[in-house]
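Structural overview for review
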Amino acid sequence: MSQTIKPGEVAQRAQPTEETRNRVLLAPMQQEDLDRVMAVEQTAYSHPWTLGNFRDSLNPLFHAQCLWLDGELLGYFLAMRGVEEMHLLNITVAPAHQGQGWGHMMLDALSLLSRHEGAQWLWLEVRQSNQRALKVYECYGFKQVSIRKDYYPAGRLQREHAVVMSLKL
Ligand SMILES: CC(C)(COP(=O)(O)OP(=O)(O)OC[C@H]1O[C@@H](n2cnc3c(N)ncnc32)[C@H](O)[C@@H]1OP(=O)(O)O)[C@@H](O)C(=O)NCCC(=O)NCCS
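Everything quoted here is computed from the prediction, not taken from an experiment.

Some details on the overall build of the protein
Along the protein, the regular secondary structure elements total five helices and seven strands. The helix and strand sequence of the protein, counted from the amino end, reads α-β-α-α-β-β-β-α-β-α-β-β. Whereas a compact globule of 169 residues would reach a radius of gyration of roughly 15 Å, the protein reaches 16 Å, a difference of no more than 12%. Overall size of the protein, expressed as C-alpha extent along the three principal axes, is 40 × 40 × 30 Å. Counting across all 169 residues of the protein, residues that qualify as buried make up 24%. Across the protein, every contact between residues at least 6 apart in sequence was considered, and the portion connecting residues at least 24 apart equals 58%.

Next up, the structure:
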């Protein structure tokens, strides 16, 4: 029976075997993937991106990649190219697969793609309340740089600060 996971919760699952990791594929996000991407997005966030946000990101200014296992969407990331830097805008692992190393794998992929294009820095913003993601980024080597006040919507008429983080590649 599959677990029901709410946003912010972590699946208590066995770590994938090396054989499973070897079957995983990273592929550029396509228009036809967007229904599956939206299904994951809506289960992973209290304030998900819209379909329009994803559609607008499918152009050469962005890296948009999906992580697949045997046809199942494990996760995805979207990053915007800058001058000698890359700005991570969205990284998401499907709730049932969180805590199994896939986020780390996608950060590795993004770092390699970014370095290949000559980027020196990775940048991102994360909600101050998203302690889990903050911890993942810190474990990966990102450093907190500043706070962007009232950056995110947070329920009725409320806003939440963003923590700005960077990683030297
Ligand atoms: C944040 C997110 C992308 C991380 O992906 P993930 O696959 O769950 O993370 P991983 O399993 O790769 O873990 C990465 C690191 O965090 C650690 N970690 C895993 N689960 C953890 C937990 N419950 N608490 C603290 N650290 C944890 C791992 O040990 C790993 O550290 P390591 O690389 O030193 O071994 C994913 O949890 C997610 O999609 N969350 C919901 C959406 C979200 O918040 N996205 C980010 C928005 S800014």
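Here's the deal with the environment of Val 163
Along the chain, Val 163 turns up in strand 7 (residues 159–168). Accessibility expressed as a C-beta count within 10 Å gives 21 for Val 163, which makes it buried. Along the sequence, Val 163 and Ile 147 sit 16 residues apart, while their C-alpha atoms lie 4.7 Å from each other. Those residues in contact with Val 163 that lie beyond four places of it in its chain are Glu 125, Val 126, Gln 128, Leu 134, Gln 144 and Ile 147.

Structural notes on the environment of Arg 23
Tracing the sequence through the fold places Arg 23 in the loop between helix 1 (18–22) and strand 1 (24–28). You can call Arg 23 exposed: it has 11 C-beta atoms within 10 Å. If near-sequence neighbours (up to four positions away) are discounted, Arg 23 is found in contact with Leu 69 and Asp 70.

The rules behind each value
Residues numbered from 1 in each chain as written. Predicted model: local features only at pLDDT ≥ 70, side-chain atom pairs only at ≥ 80, totals over all residues. Helix = DSSP H or I, 4+ residues; strand = E, 2+ residues; numbered from the N terminus. Rg over C-alpha atoms; globule rule 2.2 N^0.38 Å. Buried ≥ 20, exposed ≤ 12 C-beta atoms within 10 Å, placed from the backbone. Contact = placed C-beta atoms within 7 Å.

Purely spatial values, then, with no claim about function.
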